[in-house]
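Below, each chain spelled out in residue letters.
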Amino acid sequence: MLPATGGDVRARWITRWEPEDPGFWEREGRRTARRNLWLSVFAEHIGFSVWSLWSVLLLFMTPEAGFTLSPDDKFLLVSLVSLVGALLRLPYGFAVTRFGGRTWTVCSALALLVPVVLATVLVQRPQTPLWVLLLCAAVSGIGGGNFASSMVNINGFFPEREKGWALGLNAGGGNLGVATVQLLGLAVLATAGVSHPELLTLLFVPALLLASLLAWRGMDNLATNRTDYGAYRTAVRDRHCWTISLLYIGTFGSFIGFGFGFGLLLQNEFGKSPVQAAAFTFLGPLLGSLFRPLGGAMADRFGGARVTAWSFLALACGAAAALAASNAGSFPVFVAVFAVVFVLTGLGNGSTYKMIPAIYAARAESAVEAGADPTEARTRGRRISGAVIAVSGAVGALGGVAINLAFRESYRQTGGAGSALAGFLAFYLLCLAVTWAVYVRRPAAERAGRATGAQQQEPKPEPEREPAERGA
């Protein structure tokens, strides 16, 4: 049983949850929150693996195996998977607050059996029309929605002081699913060759069943994590929601876009075989996933805006270096540069997501200082924060679509990836400028202005501050 939670324990609904209360957190909050976190990480990990499945299956679909897909077709397939995953993040973010984290985790894990079974059948039939493969890839995109529901759910369990660590760990553990499916794909390619892709897909049937069973037995539905639709209306009218979404396009969009397309890039840019490409594709997603929690922890320590700004500066340098390596035809340098780029996307993912709860926690504290009820203000802040996490997660994932469409168009127009890489460089510089102007430079200038004013006049009640100033 869950002590002092109230509600129907058999249904595992927690009706009282006060993570900001130190006594409650030490008595029972931390233990319950961490149990839900670890089970959420596992289920989200499998969801990410299924979402990324087609990025590996396409390595099997070669002329030697009887397939006649062009590079255009393959980049279109991974773009469609990314698109569906991005579009489903918003409704998945709604669903978890409507049905509860435990219930939705079980249902979403079982739903992924459908694309896994479909893929198992189709990858053994080289004569399958492109439109059927596109349909199956689109269904696989539902794995991308699991990220939003998992993040919104875990956001409600932890106090503000631990959200950067918890959200970073949850997201990083999920992101590792990209590396997992690519490592498994490499193992199948190395042992069975391109003729047996079904060995890869069938591995996920027991994994999904185990994830749903563990979630059913160990997770909880958090009643206080309900999202009122007014929170979403407030979120989409808030400029910070869209600013963060832009930044998340640059960080997570890069991670998922490069993660899905890197194997195809190595095949088309350097003529590598499926096994050779698969031997390197897992490295980037693995590094990006492992460094995402560090990005959240660094944001807790140094501030999310500063870490995010430095990440974009380094990403711009990475895009320039990748462009130079591509032009020089240097495979080792190209792979090394992209390994660093993946690390930077992980750091940026963690720091950008940390900015979201910090912004709205600061706004809630401003409301409390103005006389609002503390519990009500902080609960509403968490709900709006959850809405922004869902919106920015959905918009950010569209970056993965843009990256693979950019590669597709670059190959169609020029026969190489150079034009796409130049476009990524320009976008990273734009994100750096936005981060610096909105969340670093202006808040610092406002703090300095208030400090100067305080020396010249008597203190007076402080007006409501911009959330970026206190939280980011």
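Each value, and the rule that gives it
Residues numbered from 1 in each chain as written. Predicted model: local features only at pLDDT ≥ 70, side-chain atom pairs only at ≥ 80, totals over all residues. Heavy atoms only, no water. Salt bridge = Lys/Arg side-chain N within 4 Å of Asp/Glu carboxyl O. Helix = DSSP H or I, 4+ residues; strand = E, 2+ residues; numbered from the N terminus. Buried < 20%, exposed > 50% of the residue type's maximum accessible area, 1.4 Å probe, protein only. Contact = heavy atoms within 4.5 Å. Axes fitted to C-alpha atoms, helices over the stretch in contact; angles between N-to-C directions. Parallel < 35°, antiparallel > 145°, perpendicular 65-115°, else oblique. Nonpolar A, V, L, I, M, F, W, Y, C, P; charged D, E, K, R; others polar. Patch = residues over 30% accessible without salt bridge, like charges linked within 9 Å, V, L, I, M, F, W, Y side chains within 5 Å. Areas by Shrake-Rupley, 256 points an atom, 1.4 Å probe, with all protein chains shown as cover.

Quick question: what am I supposed to make of the pattern of salt bridges here?
Close approach of charged atoms lets side chains of opposite charge pair. Taken as a whole, this structure holds seven salt bridges when the rule is applied. When the shortest N-O distance is used, the salt bridge between Arg 30 and Glu 26 registers 3.0 Å. You can see Arg 30 and its partner Glu 26 sitting in helix 1 (residues 22-51), four residues apart, about one turn around the helix. A residue is classified by how much of its surface remains accessible, and Glu 26, at 52% relative accessible area, is exposed.

When you look at the environment of Gly 100 in this model, what are you seeing that I'm missing?
Structurally, the position occupied by Gly 100 is in the loop between helix 3 (71-99) and helix 4 (101-111). A relative accessible area of 1% means that Gly 100 is categorised as buried. Sequence separation between Gly 100 and Ala 223 is 123 residues; the distance between their C-alpha atoms is 7.3 Å. Leave out the neighbours within four places in its chain, and Gly 100 touches Trp 13, Ala 95 and Asn 221.

Just to check I follow, could you spell out the packing of helix 8 (residues 160-192) against helix 14 (residues 283-302) for this structure?
Angle between the axes and distance between the axes are the two parameters that describe a pair of packed helices. Contact geometry of helix 8 with helix 14 gives a least axis separation of 7 Å together with a crossing angle of 175°. Here helix 8 lies roughly antiparallel to helix 14, going by the angle between them. Taken together, the residues of helix 14 that come into contact with helix 8 (itself represented by Arg 161, Gly 164, Trp 165, Gly 168, Leu 169, Ala 171, Gly 172, Asn 175, Leu 176, Val 178, Ala 179 and Gln 182) are Pro 285, Leu 286, Ser 289, Leu 290, Arg 292, Pro 293, Gly 296 and Asp 300. Classifying every residue of the contact of helix 8 with helix 14 gives 10 nonpolar, seven polar and three charged.

So what exactly am I meant to see when it comes to a nonpolar patch on the surface here?
Among the surface-exposed residues, Leu 83, Leu 87 and Leu 398 lie close enough to one another that they form a single nonpolar patch of about 240 Å² accessible area. When you line up the elements, Leu 398 lands in helix 17 (residues 374-414).

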